Amino acid sequence: MSTTENRQQATPELREWIISQAAAGHNAESVLQAMLASGWSEDVAVEAMESTLRGHLETQAVASGLPPAVPVPEPGLDESPLYLDAGDRRVCVLQMMASPRVVVFGELLSHEECDQLIGLAKPRLARSLTVATKTGGEEVNADRTSNGMFFQRGENELVSRIEQRIARLLIWPEENGEGLQILQYGPGAEYKPHYDYFDPAEPGTPTIVKRGGQRVGTLIMYLGEPQKGGGTVFPDVHLEVAPRKGNAVFFSYERPHPSTRTLHGGQPVIEGEKWIATKWLRERRFE
Ligand code: PD2
Ligand code: ZN
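Residues numbered from 1 in each chain as written. Chains lettered and ligands numbered in written order. Predicted model: local features only at pLDDT ≥ 70, side-chain atom pairs only at ≥ 80, totals over all residues. Heavy atoms only, no water.

> What is the right way to look at the sheet that holds strand β3 (residues 102–106) in this model?
Backbone hydrogen bonds are what pair the strands of a sheet, in a parallel or an antiparallel way. One open sheet holds the nine strands; their spatial order is β1-β2-β3-β14-β10-β17-β8-β7-β4, and the pairing between them is antiparallel. Both edges of this open sheet fall to β1 (83–85) and β4 (126–127), since each of them pairs with a single strand only. Two elements, strand β10 (residues 215–224) and strand β14 (residues 248–252), share five bridges in a ladder whose sense is antiparallel. Bridge pairing in β14 links Met221 to Ala248. Most of the contacts of helix α4 (residues 111–121) go to β10, to which it runs at about 95°, and overall it touches β7 (147–150), β8 (181–185), β10 and β17 (274–282). The strands that helix α5 (residues 157–170) touches are β1, β2 (90–97), β3, β10, β14 and β17; relative to β10, the one it contacts most, it runs at about 130°. (Pairing = 2+ DSSP bridges. Helix = DSSP H or I, 4+ residues; strand = E, 2+ residues; numbered from the N terminus. Contact = heavy atoms within 4.5 Å. Axes fitted to C-alpha atoms, helices over the stretch in contact; angles between N-to-C directions.)

> In this structure, what is going on with the sheet that holds strand β15 (residues 264–266)? I would like to understand it.
Pairing is antiparallel across the open sheet formed by four strands, whose spatial order is β9-β15-β12-β13. In this open sheet, the two edge strands, each paired with only one partner strand, are β9 (191–194) and β13 (239–241). Averaged over all neighbouring strand pairs, the angle between strand axes comes to 15°, with direction disregarded. As defined by bridge partners, strand β12 (residues 232–234) adjoins β13 across three bridges and the pair is classed as antiparallel. For Val233, the partnering residue across the bridge sits in β13 and is Glu240.

> Where do I start with the packing of α4 against α5 in this structure?
When two helices pack together, their arrangement is given by the angle between their axes and by how far apart the axes lie. Axis separation between α4 and α5 bottoms out at 11 Å; the angle between their running directions is 130°. For the element pair α4 / α5, the angle class is oblique. Classified by chirality, the crossing of α5 by α4 is left-handed. Contacts between α4 and α5 involve Glu113, Gln116, Leu117 and Leu120 from the former and Leu158, Val159, Arg161, Ile162 and Arg165 from the latter. Residues belonging to the contact of α4 with α5 are distributed by class as follows: five nonpolar, one polar and three charged. (Parallel < 35°, antiparallel > 145°, perpendicular 65-115°, else oblique. Left-handed = near helix turned anticlockwise from the far one by under 90°. Nonpolar A, V, L, I, M, F, W, Y, C, P; charged D, E, K, R; others polar.)

> Sorry, what's going on with the coordination of the zinc ion (ligand 2) here?
Between any two of four tetrahedral donors, the ideal angle at the metal is 109.5 degrees; between two of six octahedral donors, it is 90 or 180 degrees. Protein coordination of the zinc ion (ligand 2) is provided by His194 (NE2), Asp196 (OD) and His264 (NE2), with donor distances spanning 2.1 to 2.2 Å. Each donor residue of the zinc ion (ligand 2) lies on one chain, and together they are spaced H-x1-D-x67-H. Of this pair, Asp196 sits in the loop between β9 and α6 (205–209) while His264 is found in strand β15, placing the two residues 68 residues apart along the sequence. (Donors = N, O, S within 2.8 Å, 3.2 Å for Na, K, Ca; no water.)

> Would you mind going over the environment of Thr52 with me for this structure?
With respect to the secondary-structure elements, Thr52 resides in helix α3 (residues 42–63). You can call Thr52 buried: its relative accessible area is 7%. It is 10.0 Å that separates the C-alpha atoms of Thr52 and Trp17, two residues lying 35 residues apart in sequence. Filtering out sequence-adjacent residues up to four positions away, Thr52 remains in contact with Arg15, Ile18 and Ile19. (Buried < 20%, exposed > 50% of the residue type's maximum accessible area, 1.4 Å probe, protein only.)

> What am I meant to see in the pattern of salt bridges here?
The tally for this structure, following the rule as stated, stands at 19 salt bridges. Residues Glu225 and Arg244 are paired through a salt bridge, measuring 3.3 Å at the closest nitrogen-oxygen approach. Placement of Glu225 in the loop between β10 and β11 (228–229) and of Arg244 in the loop between β13 and β14 is noted, with a sequence separation of 19 residues between them. On the basis of relative accessible area, Arg244 is assigned to the exposed category, the value being 51%. Note that Glu287 is salt-bridged to Arg285, the shortest N-O span being 2.8 Å. Its relative accessible area of 55% is what places Glu287 among the exposed residues. Assessed through its relative accessible area of 39%, Arg285 is described here as partly exposed. Beyond isolated ion pairs, a larger network of salt bridges with shared partners links Asp88, Glu113, Glu157, Arg161 and Arg165. (Salt bridge = Lys/Arg side-chain N within 4 Å of Asp/Glu carboxyl O.)

> Can you help me understand unusual backbone geometry in this one?
Leaving glycine aside, a negative phi is the common case for residues, and trans is the common case for peptide bonds. The amide bond that connects Ser99 to the next residue, Pro100, takes the cis arrangement and shows omega of 5°. With respect to the helices and strands, Pro100 occurs in the loop between β2 and β3. Positioned with a positive phi, Ile171 is a non-glycine residue whose angle comes to about 50°. Within the secondary structure layout, Ile171 lies in the loop between α5 and β8.

> Honestly, the site of ligand 1 in this entry has me stumped. Any pointers?
Looking at ligand 1, there are 13 residues lining it, with Tyr185, Thr232, His264, Lys274 and Thr278 nearest. Measuring from an oxygen atom of ligand 1, one finds a side-chain N or O atom of Asp196 at 3.3 Å. Contact between ligand 1 and Lys274: an oxygen atom at 2.8 Å from a side-chain N or O atom of the residue. Protein chains shield 100% of the accessible area of ligand 1, which is 310 Å² for the free molecule. (Near = heavy atom within 4 Å. Polar contact = N/O pair within 3.5 Å; in protein donor to acceptor, adjacent residues only side chain to side chain. Areas by Shrake-Rupley, 256 points an atom, 1.4 Å probe, with all protein chains shown as cover.)

Here it is as structure tokens:
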């Protein structure tokens, strides 16, 4: 491992050396120190190590049968900002988890916007359906005892404003989003734990993903809070997000596989009523 020129670029030899060091059990800090001692500049060394190890892990993951990772929506959280500029609104960052990637936002929606969405949705509610991955159609699902409806993307000024805000917040094209779904949960209603991506093993999945690719991220916005119960849970990491009106939880999944640990569910409402709006984000334009 040596550097000869001033304008440094990680070489294939350096990348091979990084992998061999990691395979031999050397920790990241000692590998980095060895690179610095050989004359590599810190930013080149750090970038080379991160990208090489990420690439190596991905090669191994695919070799062991996992679906390949794809780019996912990701809010601009470098340097841990307390607020994010979502265009027409300043959104609070309340909590972040790296793996699974989960971010809790505060005040993404105003209380007026929440009430308006509920008001527009109410006359159009029906027992919730889920995508039937066996056929690619829709079906009533006993695991989901809520009432719901979908807005078309950009259906009215309110929906359009919120969709633009989400696109800016999550740095993901508005056109890659499915239409907003509104759900109402009364006492006892719940959404049993599930993954939001479409299971590649199901026969209906190729038809579903023709319309914009896989789902790669979910934003659940709380429009109406129950007095008790109704939290969004991530059982693999023992996380529960309280359904606070105007707040939201975002999570992403770079491959349609349980290794993402994005199993999540809506706990039964114990008292009061819970309302949410869900925005599912696809890889590509959703038609
Ligand atoms: O209402 C929830 O907390 C919840 C839980 C799991 C919503 C969804 N999934 C969803 O809309 O995908
Ligand atoms: Zn879900």
